[in-house]
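The chain contents come next:
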Amino acid sequence: MRQVRYIRGVEPTNSEWSARHSVQAVALRTAALVNALSHEGVSPQSVSAVLRAHGESAAVELSGSDVAEMRAAALQVREVFAADGTDETAARLNRLLSLSTGALRLTSHGGRSPWHPHLDRDDDGPWGEWLLASSCLALTVLVWDRQRPPGGVCASPACGNVFLTQGSGPARRYCSRRCATRERVAAHRRAKKIPEPAR
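Put plainly, two cysteines are in a disulfide when a covalent bond ties their sulfur atoms together. Considering all chains together, one arrives at zero disulfides under this definition. Cysteine Cys154 shares no disulfide, and the gap to the nearest cysteine sulfur, in Cys175, comes to 3.8 Å. With relative accessibility at 6%, the residue Cys154 sits in the buried group. Unpaired in this structure, Cys175 has its nearest cysteine sulfur neighbour in Cys159, at a distance of 3.6 Å. Exposure remark for Cys175: the relative accessible area of 22% places this residue in the partly exposed category.

Pasting the structure below:
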């Protein structure tokens, strides 16, 4: 069961909540959680820190089994980022939506937040179900709005993080400038037959 303890007097205002829980913000949280949960042995404290960094104003208590459920969900969502093109992205999202979400519903979490859509079956359902449902909802809206994949997987073999595509322009291959630069330098060294520096 999802356990979130709201701290008295620090609940966000409606405008703060809306900014932190826009579709883009939820999608960014999705990418951050997928990246954190991709590592075996990730701790509940690390996952809680990601949730707090992405706007969770409540104290989050996660168990090892919660993290295991979230990791299983994150690995499924990762496949959406790894899809090749919009059609495959939509097909993967449709499969996840049909297998693992409840009916679309509105919730205010008992008046603690503005009304917003959920696809998980219950406000207090398991963390893994929440992660899968909220991720699918945000990524579905991004595909709908932009008519292209919402992001990708970094092409750097040393990285492999997922990332969101922001703005227009050519398709991104790397999650950051750092990864892109590292791969350009490595390609230059290979072309010039310059030995790679020790890492």
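Turning to the packing of aromatic side chains, a few remarks are in order. Evaluation of the coordinates by the stated rule reveals one aromatic pair. Ring centres of Trp127 and Trp130 lie 5.3 Å apart, and the angle between their planes is 85°; on these two criteria the pair is classed as edge-to-face. Placement of both Trp127 and Trp130 in helix 6 (residues 127-146) is noted, with a separation of three residues, approximately one turn of the helix. Accessibility classification places Trp127 together with Trp130 in one group, the buried group.

Right, let's get into the side chain of Thr89. For Thr89, the location among the structural elements is in helix 5 (residues 85-100). Within the structure, the side chain of Thr89 is placed 2.8 Å from the backbone oxygen of Gly85, a separation counted as a polar contact. With near-sequence residues (within four places) excluded, Thr89 lies in contact with Val80, Ala83, Val143, Pro149 and Pro150.

The next subject is the nonpolar core. Within the largest apolar cluster, 33 residues are counted, with the highest numbers of intra-cluster contacts made by Leu33, Leu37, Val47, Leu62, Met70, Leu131 and Leu139. Of all elements in the fold, only helix 2 (23-37), helix 3 (44-53), helix 4 (64-81), helix 5, helix 6 and strand 6 (162-164) reach the threshold of two or more residues within this core. Counting residues per element, this core draws most heavily on helix 6, at nine residues. Not counting residues within four places of it along the chain, the set of residues in contact with Leu33 comprises Val47, Val50, Leu51, Met70, Ala74, Trp130 and Leu131.

Cut-offs and rules
- Residues numbered from 1 in each chain as written.
- Predicted model: local features only at pLDDT ≥ 70, side-chain atom pairs only at ≥ 80, totals over all residues.
- Heavy atoms only, no water.
- Disulfide = S-S within 2.5 Å.
- Buried < 20%, exposed > 50% of the residue type's maximum accessible area, 1.4 Å probe, protein only.
- Phe/Tyr/Trp six-rings, centres within 6.5 Å; stacked < 30°, edge-to-face > 60°.
- Helix = DSSP H or I, 4+ residues; strand = E, 2+ residues; numbered from the N terminus.
- Polar contact = N/O pair within 3.5 Å; in protein donor to acceptor, adjacent residues only side chain to side chain.
- Contact = heavy atoms within 4.5 Å.
- Core = buried A, V, L, I, M, F, W, Y, C linked by side-chain atoms within 4.5 Å.

Taken by themselves, the reported measurements are silent on function.
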